[in-house]
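Letter by letter, the chains look like this.
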Amino acid sequence: MNPYPLDPYWMVALKALLVVVGLLTAFAFMTLIERRLLARFQIRMGPNRVGPSGLFQPIADAIKSIFKEDLVVERADKVLFVLAPLLGVVFALLAFGAIPFGPPGSFFGFQPWVVNLDLGILYLFAVSEMAIYGIFLAGWASGSKYSLLGSLRSSASLISYELGLGIALLAPVLLVGSLNLNDIVNWQKENGWLFLYAFPAFLVYAIAALAEAARTPFDLPEAEQELVGGYHTEYSSIKWALFQMTEYIHFITASALIPTLFLGGWTMPFFNVPYLWMFLKIAFFLFLFIWIRATWFRLRYDQLLRFGWGFLFPVALVWFLITALVVALGLPRVYLVYLSGLSFLALLGATFYSPKPVRKGGGA
Amino acid sequence: MKDYLDPVETLEEPKELRTEVMTLNVGPQHPSTHGVLRVVVTLSGEEVLDLVPHIGYLHTGFEKNMENRTYTQVITYTPRMDYLHSFAHDLAYALAVEKLVGAVVPPRAQTIRIILNELSRLASHLVFLGTGLLDLGALTPFFYAFRERETILDLFEWVTGQRFHHNYIRIGGVKEDLPEEFVPELKKFLEVMPHRIDEYEALFAESPIFYERARGVGVIPPEVAINLGLTGGSLRASGVNYDVRKAYPYAGYETYQFDVPLGEHGDVFDRMIIRIREMRESVKIIRQALERLEPGPVRDPNPQITPPPRHLLETSMEAVIYHFKHYTEGFHPPKGEVYVPTESARGELGYYIVSDGGSMPYRVKVRAPSFVNLQSLPYAAKGEQVPDMVAIIASLDPVMGDVDR
């Protein structure tokens, strides 16, 4: 028996529409929220002129970007130049559909997800990695050196974080024994959240997700101070807005996937209301990522490569092997919890007791 | 980049790999060239093979203009060159002319000058830090630095009526005494500032990413730094102990207690940290100066140099004559040449003035630290990557107005 009943097609279509509209709205307001929050971090006001507390700012921005002159650079590859931002947005939107927001039947008697895929995680990988083509082709098609450097950086950083990202996910998949996101959430409901069992994998995944969304400290493809805007240097008007859209949707999707995979998804040990916790968890990660952006520096691109290959990849691999060992030998899973805890303590120790580069007032 | 990609590429085609160097034009309109510096970079991947700075986009002819202004009027031009540490230019020029005419600066004016000069240095270092860290991808320090700078500019506005181009220092003193509110407000600021400097350190100097990005990047060894004529914080970051305030004291700096912070590695990291530590020293100097701020005259009483006070014009014929002569013609220094080096936030700032005995300088040559320091950019940036190049430009702290004049 299928534990996840199917919806009629019209309902799936309706939900797909809802996800698209919802994500686009979320994107619009995320730009506002991010700007306001950054302003808070930076002791300034942020956009607060359009509407109450600047609430209509996204609408003003949308109108502005639609009506601005849409330039196509002379040396650009015209077809790809137009196609690239569309590609990016489409694939960014696709990823969100597989994420469950509640138990079966909690969406007015229908299912709170668009599609329930048995290969959910593979699907997520496939579509979210396709989105890099948007950036890559944009940089290539612009016919500008800055854009080219930006797109080269994005593809180089892709190969560095992608391995860590993929292998980090294998640990939970092994434990759960399914690629289906619903199965993963339900498993966590019964056995406890997965980050308890796989803290290093959780860490690697969260960092790699940050890189995938090209956010600080991994925002090298656009690096305004170096590449003026990177892959979207030559874009203007609505095409530029589409890139922003891609970036923010990746950002939102990443913030939704991390809790789904490691923090119990829509479940909560107490006061279990389907949608509430999911939205709160998403909001938490969105806030965290904005906080990081306000605090950190940008890595250099060889440093991201080294970090991806030298830290994310081995950590994910080691944890995958440990998990595989535990699962294959049928050892009690609680060993993994202990190891997770140990790794967490190790991380804390490394954070607080690592030699600081400079002590206050000390030598350079 | 090559190190990482080579193994993959060599798998299939080891012989026919063709690479091409790329020439990239950075600036004059670019977010991180600190004004209108244009740099033509030859790149292999992201590695900088060669780099040629092009200057002159902000050439304003100040030095030439000065030849057609009386010695007092020139002070309108001086702060416009280095608009970030503008008091350094005012002071250096005034010192040079004072040496030429033999003016005596009263102690109170000396102290006021030192306070303002150090405040201005603080403001300049704050901009340096804010924009420098912005170039490394950190958004927030910029706003924090500008908050403190705003306070300093408010203080300037109190004293001089202007935030940037003060026109306050005069030959033989300063234009007028400090306003009453200034000293208490300055004391408040001095209370806050050290904590803020600690905050900056916590925010970036202890950040591992900053360490990774800045340590060992753009290294200039001491002997190279000396040969390239590097001065100021960038030279001291390489470990050379040369601060004009200590080496050739001027304007009474010899009477103040302060340290000269030195770096060891001469990289971007040291150049940034040196500035932070210099800010601490500046606060120290201002504190000492406040203690010795005694009431007194603020201008040289010599009527040849200083125009008579306004109220005398109604009673004294002599005052009217001096007033007339001063404002139509200015004073006539003796024939001769003079060079006075000072320490601006960017390095050794010197004014070389040739006088032919007229009321206007025959020639003014500014030894601008930004200009000289910029020539170490190709040396420091070769072999580094594009993001490092941006950081190196920021760490050398050029002000384009100072470069082009």
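Above this text you will find the structure in question.
Read on for a plain summary of the structure. (Residues numbered from 1 in each chain as written. Chains lettered and ligands numbered in written order. Predicted model: local features only at pLDDT ≥ 70, side-chain atom pairs only at ≥ 80, totals over all residues. Heavy atoms only, no water.)

**Brief notes about the overall build of chain A**
Argument step 1. Across its full length, chain A holds 13 helices and 0 strands.
Argument step 2. Computed over C-alpha atoms, the radius of gyration of chain A comes to 21 Å, within 12% of the 21 Å expected from 2.2 N^0.38 for 364 residues, which places it in the range of a compact globule.
Argument step 3. Taken over 364 residues, chain A has a buried fraction of 52%.
Argument step 4. When contacts within chain A are restricted to residue pairs at least 6 apart in sequence, those whose partners lie at least 24 apart make up 76%. (Helix = DSSP H or I, 4+ residues; strand = E, 2+ residues; numbered from the N terminus. Rg over C-alpha atoms; globule rule 2.2 N^0.38 Å. Buried < 20%, exposed > 50% of the residue type's maximum accessible area, 1.4 Å probe, protein only. Contact = heavy atoms within 4.5 Å.)

**Some words on the pattern of salt bridges**
Residue and element names in this part refer to chain B.
Argument step 1. Summed over the entire model, instances satisfying the criterion amount to 35 salt bridges over all chains.
Argument step 2. Asp-82 serves as the salt-bridge partner of Arg-346, at 2.8 Å between the closest nitrogen and oxygen. One end of the pair, Arg-346, is in the loop between strand E6 (336-344) and strand E7 (347-355); the other, Asp-82, is in the loop between helix H2 (62-66) and helix H3 (86-101), and 264 residues separate them in sequence.
Argument step 3. Here Arg-236 and Glu-343 are joined by a salt bridge, their closest N and O atoms 2.9 Å apart. You can see Arg-236 sitting in helix H9 (residues 233-237) and its partner Glu-343 sitting in strand E6, a full 107 residues away along the chain.
Argument step 4. Looking at Arg-236, the relative accessible area reads 1%, which means it is buried.
Argument step 5. The exposure class of Glu-343 is buried, given its relative accessible area of 1%.
Argument step 6. Through salt bridges with shared partners, a single network forms among Glu-118, Arg-121, Arg-236, Asp-243, Arg-245, Glu-278 and Glu-343. (Salt bridge = Lys/Arg side-chain N within 4 Å of Asp/Glu carboxyl O.)

**Brief notes about helix H10 (residues 237-262) of chain A**
Argument step 1. Taking 1.5 Å per residue, 26 residues should reach 38 Å; H10(A) reaches 38 Å between its end C-alpha atoms and fits that length.
Argument step 2. Following H10(A) by one or two positions, Gly264(A) has its phi on the positive side, about 80°. (Expected span 1.5 Å × (residues − 1).)

**What about the packing of aromatic side chains?**
Argument step 1. The full count for this structure, using the stated rule, is 32 aromatic pairs over all chains.
Argument step 2. Between Phe307(A) and Phe311(A), the ring centres sit 5.3 Å apart and the planes meet at 20°, which makes this aromatic pair stacked. Here Phe311(A) and Phe307(A) lie together in helix H12 (residues 301-329), a separation of 4 residues that amounts to about one turn.
Argument step 3. Look at Phe62(B) and Tyr77(B): their rings are 5.6 Å apart centre to centre, the planes differ by 55°, and that puts the pair in the tilted class. Taken together, the residues span a long stretch of sequence, with Phe62(B) in helix H2 and Tyr77(B) in the loop between H2 and H3 at a distance of 15 residues. Each member of the pair, Phe62(B) together with Tyr77(B), is buried.
Argument step 4. Of the aromatic side chains, those joined through ring pairs into one cluster are Trp193(A), Phe195(A), Phe199(A), Phe202(A), Tyr205(A), Phe262(A) and Phe344(A).
Argument step 5. Residue placement shows Arg245(B) over the ring face of Tyr253(B); its charged tip is 5.8 Å from the ring centre.
Argument step 6. Stacked on the ring of Phe258(B), the Lys or Arg Lys246(B) has its end atom at 4.3 Å from the ring centre. (Phe/Tyr/Trp six-rings, centres within 6.5 Å; stacked < 30°, edge-to-face > 60°. Lys NZ or Arg CZ within 6 Å of the ring centre and 35° of its normal.)

**A short note on the pairing of strand E2 (residues 38-44) of chain B**
All names here are of chain B.
Argument step 1. Looking at chain direction, strand E1 (residues 22-26) and E2 are connected through 5 bridges and run antiparallel. The partner of Val-26 across the bridge, within E2, is Val-39.
Argument step 2. Here E2 hands over to strand E3 (residues 47-54) after 2 residues, with Gly-45 in that stretch at a positive phi of 65°. (Pairing = 2+ DSSP bridges.)

**Structural notes on a nonpolar patch on the surface**
Residue and element names in this part refer to chain A.
Argument step 1. On the surface, Phe-29, Ile-33, Leu-55, Phe-56, Ile-59, Ile-63, Ile-66, Phe-67 and Ile-238 cluster together into a nonpolar patch covering about 850 Å² of accessible area.
Argument step 2. At the level of secondary structure, the elements contributing two or more residues to the nonpolar patch comprise helix H1 (9-41) and helix H2 (57-67).
Argument step 3. Locating Ile-66 in the fold gives a position in helix H2. (Patch = residues over 30% accessible without salt bridge, like charges linked within 9 Å, V, L, I, M, F, W, Y side chains within 5 Å. Areas by Shrake-Rupley, 256 points an atom, 1.4 Å probe, with all protein chains shown as cover.)

**What about the interface of chain A and chain B?**
Argument step 1. Facing the 37 residues of chain A at the interface are 50 residues of chain B.
Argument step 2. Roughly 4,000 Å² is buried in total at the junction of chain A and chain B, and carbon and sulfur atoms are behind 62% of that figure.
Argument step 3. The tally of links between chain A and chain B comes to 3 salt bridges.
Argument step 4. Scanning the region where chain A abuts chain B turns up 10 residue pairs in polar contact (both at pLDDT 80 or more). (Buried area = accessible area lost by both parts, 1.4 Å probe. Polar contact = N/O pair within 3.5 Å; in protein donor to acceptor, adjacent residues only side chain to side chain.)

**Looking at helix H12 (residues 317-328) of chain B**
Argument step 1. Across its 12 residues, H12(B) extends 17 Å between first and last C-alpha, which sits within 8% of the 16 Å expected from 1.5 Å per residue.
Argument step 2. The first or second residue beyond H12(B) is Gly330(B), which carries a positive phi of 85°.

**Description of the side chain of Ser142(A)**
Residues and elements named next belong to chain A.
Argument step 1. For Ser-142, the location among the structural elements is in the loop between helix H4 (120-141) and helix H5 (145-176).
Argument step 2. In this structure the side chain of Ser-142 is engaged in a polar contact, spanning 2.7 Å, whose partner is the backbone oxygen of Ala-138.
Argument step 3. Look past the residues within four positions of Ser-142 in its chain and what remains in contact with it is Val-73, Arg-75, Ala-76, Phe-81, Ser-147, Tyr-231, Glu-234 and Tyr-235.

**Remarks on unusual backbone geometry**
Argument step 1. With phi around 55°, Ser237(A) is a residue other than glycine that occupies positive phi space.
Argument step 2. Among the structural elements, Ser237(A) can be located in helix H10.
Argument step 3. Taking relative accessible area as the criterion, Ser237(A) reaches 6% and is therefore assigned buried.
Argument step 4. The backbone of Asp397(B) shows a phi angle near 60°, a positive value even though the residue is not glycine.
Argument step 5. Take Asp397(B): it is sitting in the loop between helix H15 (386-396) and helix H16 (400-404).
Argument step 6. With a relative accessible area of 3%, Asp397(B) lands in the buried category.

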